[in-house]
Amino acid sequence: MTTMERFHLGEKEKTRKIVADGEESGVECNNQTGHVTMLDLYYLYLEGKIGPSLGELQYLKHLNLNYNFFKGILPPQLGNLSNLQSLDLGHNYQQMITCENLDWLSGLPLLRQLDLSGVNGSKAIHWPQAINKMPFLTKLHLSNTQLPTIYISHNNSSKSLIVLDLSGNGLISSSIYPWLLNLFSTNSLVHLDLSYNNLNGSIPNAFGNMTTLVYLDLSWNELEGEIPKTFNTSLVDLDLSQNQLHGSIQDVFANLVSLESLDLSGNQLEGEMLKSLRDLCNLRRLVLSSNNFTGLLEKDFLACSNNTLEALDLSHNRFKGTSFPNLSGFSQLRELYLGFNQLNGTLPESLGQLHQLKRLDIRSNSLQDVIPNWLWNFIPNLTWLNISNNHISGTLPNLTSYPPYLGMDMSSNCLDGSIPQSIFNAQWLDFSKNMFSGSISLSCKITNQSSWSFSLSHLDLSSNRLSRELPQCWEQWKDLIVLNLANNKFSGKIKKSIGLLHHMQTLHLRNNNLTGALPSSLKNCRDLHLVDLGKNKLSGRLPSWIGGSLSHLIVLNLRSNEFNVTILLNLCQLRKIQISKIPSNTQLQSFNASTYDGNPGLCGPPLSKRCPENEEKSGEFSFIGLSSKKDDIQDDANNIWFYGNIVLGFIIGFWGVCGTLLLNGSWRYAYFMFLNEIKDRLYVTTTIIMNRLRRIFQS
């Protein structure tokens, strides 16, 4: 019996049953009659179908089933709840609820709030008519409902709507604008979200006639042309990001003095900065990233909002300057993104005066400086610091403590010296492509992690000058997902404690001086997707557990070691391994072709499927590498041809691909944002999961 089907019981029994299940706070009854007037079962992980018997609760005024796991067809008997004032059925897992039509809404004349977000309404072809029959409806949320295309020339719209969310439906301009324009004439709308649709053409001037509009989101559409100058002064939040808008923004926003949030990112806007923004004294969030803005960032470019601005994103533009902008007056600034510009010079002390700063990203500029001491003063408050791809030198201080929620990316700079042990208290670290030296074994002395905190999840120290043996205390980084120590000078054996990293997904130890056999404890790292141990001095037999225990492996590289190259049949159990050509001159050819069943991407002997000519030549560089030192002489010869082809491929590929990116702004944005966000996505995802778990443990 599903949760909702229990409602065929008597009304007092219904209430008693829900209270017995521990949901007493979600039920309200009339004190005199005992009738159920409210069911708030929000976010309780309930599952099953929403039964038609729910329509028998005729005195119900408020029903909230948002954020659960319900599925099946929405029962039209919900239209019997004639006293209902709010109905929230949205955001259920994987959009498993479907709706044949919305005609039953006509039975809810008192409804003021309706949320069907995520409900599949692709068959509800008359949804505008159904909405118009609810005269008191003020809040309507139909995001991600797969609404069908409508073509309405004249239709009376609801005159009471204040909040309208139609985001994520693939709506096109010609179908939705007539209905919206009729709605605009009522002049009551305060909040309008049309993001993630297929709106095209220019932005209609009719939006300027909406004198009550406070929130407008047109992001992630295909809008073109210049930004109109007709937006009403009532706007507080305006989002036009991820479109194809172009031109200058000079004098466009000068009169929008109420604006608190403005997002124009991901367009093709251009021109110098930004006199029309100087008078926006209430700005809290300004995002202009991924456009073609140019010029210098003057000291007073946002003079009026320096006491209110909390987030500023000017990344991925063409701002330049011999000196960094002075930001000392921005006392409330919490997030600052200036990466991927042409800023040079040194880091100003004014950054050190941003005492509220939580996230600082100045990556990929031309900054040249010794890392200043003041930078470490606000480290205890930071959650994200990215100064990668600059020309910053210096050493890292051994602070008493780095915050356990901190993410730091200082890769591709000129930092040197040793890595202090206290820095390993952070959650996400990328110090690759620097000149750090010494050992990291001192990290085993970290002792200040509390029982509820979460340890390091991402560690990249590749391409440095680190040496000596690997640490023996991997257990204290039990949450590690990515470990990259490649291209260093580590020696000795891989310690057994590495097998305690049960969540690890990628392991890079390539190009070191590691010796000995693979520790058998590594078979406990069952989440591994990538293992690269190539170019070391590892020896012994290949362990049989690789094929059985590491079943999620996609990439495996063991080449250029001293392994006994007897190939184990168990390796053929790696069903997800990405290998195109079966390596030649190995025992893999001696197996029966049936051994490779379930790997349709394989080619070459002993299979009948032949490889293309280009793969015949490049097969030695497959994702599974197994070779001995004797093969390295031949590898060197192959590498001469390999790197020669790289040079030729670069010449052709640069103008074929990069040239296109230079000429096409939207493609360039998409490409570099993809590369740029890979790191951030892992960090953000990990942080969200960790915070949720922390709240669970604390409760």
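These figures come from a predicted structure and were not determined experimentally. (Residues numbered from 1 in each chain as written. Predicted model: local features only at pLDDT ≥ 70, side-chain atom pairs only at ≥ 80, totals over all residues. Heavy atoms only, no water.)

Student: Give a description of the overall build of the protein that names residues and reports values.
Tutor: Per the secondary structure count, the protein includes seven helices and 43 strands. When burial is assessed residue by residue, the protein has 51% of its 699 residues classed as buried. For the protein, the share of sequence-separated contacts (at least 6 apart) that also reach a separation of at least 24 residues comes to 55%. Counting only carbon and sulfur atoms, one obtains 51% of the accessible surface of the protein, whose full area is about 32200 Å². (Helix = DSSP H or I, 4+ residues; strand = E, 2+ residues; numbered from the N terminus. Buried < 20%, exposed > 50% of the residue type's maximum accessible area, 1.4 Å probe, protein only. Contact = heavy atoms within 4.5 Å. Areas by Shrake-Rupley, 256 points an atom, 1.4 Å probe, with all protein chains shown as cover.)

Student: Help me get a handle on the sheet that holds strand β3 (residues 47-49), residues and values and all.
Tutor: With parallel pairing, the three strands of this open sheet are ordered in space as β3-β5-β7. Two strands close off the open sheet at either side, each with one partner strand: β3 and β7 (97-98). Bridge count between β3 and strand β5 (residues 69-73): three bridges; the pairing is parallel. Across the sheet, residue Glu 47 finds its bridge partner in β5, namely Phe 69. (Pairing = 2+ DSSP bridges.)

Student: Could you give an account of helix α3 (residues 173-184), naming the residues involved and the relevant values?
Tutor: Inspection of α3 places Ser 173, Ser 175, Ile 176, Tyr 177, Trp 179, Leu 180, Leu 183 and Phe 184 among the buried residues, and these make up the whole buried set. Looking at the packing, one finds that the buried side of α3 touches α2 (127-132), β10 (163-165), β11 (191-193), β12 (200-201) and β14 (222-225).

Student: Can you lay out the confidence of the model for the protein for me, pointing to particular residues and giving the numbers?
Tutor: The share of residues in the protein with pLDDT of 70 or more is 75%, and the mean pLDDT across the chain is 81. By mean pLDDT, helix α1 (residues 11-20) is the weakest element of the protein at 40, and strand β15 (residues 237-239) is the strongest at 98. (pLDDT = per-residue confidence, 0-100.)

Student: Just give me the short version of the pairing of strand β18 (residues 268-272), but keep the residues and values in it.
Tutor: Regular strands show a simple pattern: their side chains alternate between the two faces of the sheet. Across two bridges, the pairing between strand β16 (residues 244-247) and β18 is parallel. Along β18, the bridge assignment pairs His 246 with Gln 268. Relative to strand β20 (residues 292-296), β18 is paired through three bridges, and the arrangement is parallel. Bridge assignment links Glu 272 to a residue of β20, and that residue is Thr 294.

Student: Before we move on, can you summarise the state of the cysteines with the specific residues and values?
Tutor: On inspection of all chains with the given rule, the structure shows one disulfide. Bridging Cys 281 to Cys 304, the disulfide has an S-S length of 1.5 Å. Taking the sign of the S-S torsion, 90° for the link of Cys 281 and Cys 304, the bridge is right-handed. In this pair, Cys 281 is assigned in the loop between β18 and β19 (285-287) and Cys 304 in the loop between β20 and β21 (311-313), connecting sequence segments 23 residues apart. Among the residues examined, Cys 281 registers a relative accessible area of 31% and is labelled partly exposed. (Disulfide = S-S within 2.5 Å.)

Student: Any chance you could break down a nonpolar patch on the surface for me, citing the residues and the numbers?
Tutor: Together, Tyr 42, Tyr 43, Tyr 45, Tyr 67, Phe 69 and Tyr 93 make up a nonpolar patch on the protein surface, roughly 640 Å² of accessible area in all. Mapped onto the elements, Tyr 67 comes out in the loop between β4 (62-64) and β5. For Tyr 67, a relative accessible area of 32% corresponds to the partly exposed category. (Patch = residues over 30% accessible without salt bridge, like charges linked within 9 Å, V, L, I, M, F, W, Y side chains within 5 Å. Salt bridge = Lys/Arg side-chain N within 4 Å of Asp/Glu carboxyl O.)

Student: Break down unusual backbone geometry for me, with residues and values.
Tutor: Here the phi dihedral of Lys 535 falls at roughly 60°; this positive angle occurs in a residue that is not glycine. Residue Lys 535 is classed as partly exposed on the basis of its relative accessible area of 39%. We note that Ser 560 has phi near 60°; this positive angle belongs to a residue other than glycine. Structurally, Ser 560 is set in the loop between β41 (555-557) and β42 (562-564).

Student: Lay out the nonpolar core with the relevant residues and their values.
Tutor: Membership of the largest hydrophobic core comes to 160 residues, with the highest contact counts inside it found for Trp 127, Leu 192 and Phe 253. Elements with a contribution of two residues or more to this core: β2 (36-40), α2, α3 and α4 (545-549). Of the residues forming this core, the biggest block, six residues, is contributed by α3. Discounting residues that sit within four places of it in the chain, Phe 253 has contacts with Ile 227, Leu 238, Leu 259, Leu 262, Leu 264, Ser 276, Leu 277 and Leu 280. (Core = buried A, V, L, I, M, F, W, Y, C linked by side-chain atoms within 4.5 Å.)

Student: Give me empty space enclosed by the protein: which residues, what numbers.
Tutor: By the definition in use, this model includes four cavities of 30 Å³ or more. Computed from the structure, the second largest cavity encloses a volume of approximately 60 Å³. Forming the boundary of the second largest cavity are Cys 99, Leu 102, Leu 116, Val 119, Asn 120, Gly 121, Ala 124, Leu 142, Thr 145 and Leu 147. A class-by-class count of the residues in the lining of the second largest cavity yields seven nonpolar, three polar and no charged. (1 Å grid on protein atoms, 1.4 Å probe; cavity = no way out; pocket = protein on both sides within 12 Å on 5 of 7 lines; lining within 4 Å. Points joined across faces, edges and corners; volume = space filled by probe spheres on them. Nonpolar A, V, L, I, M, F, W, Y, C, P; charged D, E, K, R; others polar.)

Student: Tell me about the packing of aromatic side chains, residues and numbers included.
Tutor: All told, the structure shown has 14 aromatic pairs when counted by the stated rule. Relative to Tyr 93, the ring of Phe 69 lies with its centre 5.2 Å away and its plane at 50°, an arrangement referred to as tilted. Pair noted here: Phe 69 is in strand β5 and Tyr 93 is in the loop between β6 (86-88) and β7, with a separation of 24 residues, a long-range link. Ring centres of Trp 127 and Trp 179 lie 5.3 Å apart, and the angle between their planes is 70°; this geometry places the pair in the edge-to-face category. Of this pair, Trp 127 sits in helix α2 while Trp 179 is found in helix α3, placing the two residues 52 residues apart along the sequence. Note on accessibility: Trp 127 and Trp 179 belong to one class, buried. Here a set of aromatic residues connected by ring pairs shows up, and it is made of Tyr 42, Tyr 43, Tyr 45, Tyr 67, Phe 69 and Tyr 93. (Phe/Tyr/Trp six-rings, centres within 6.5 Å; stacked < 30°, edge-to-face > 60°.)

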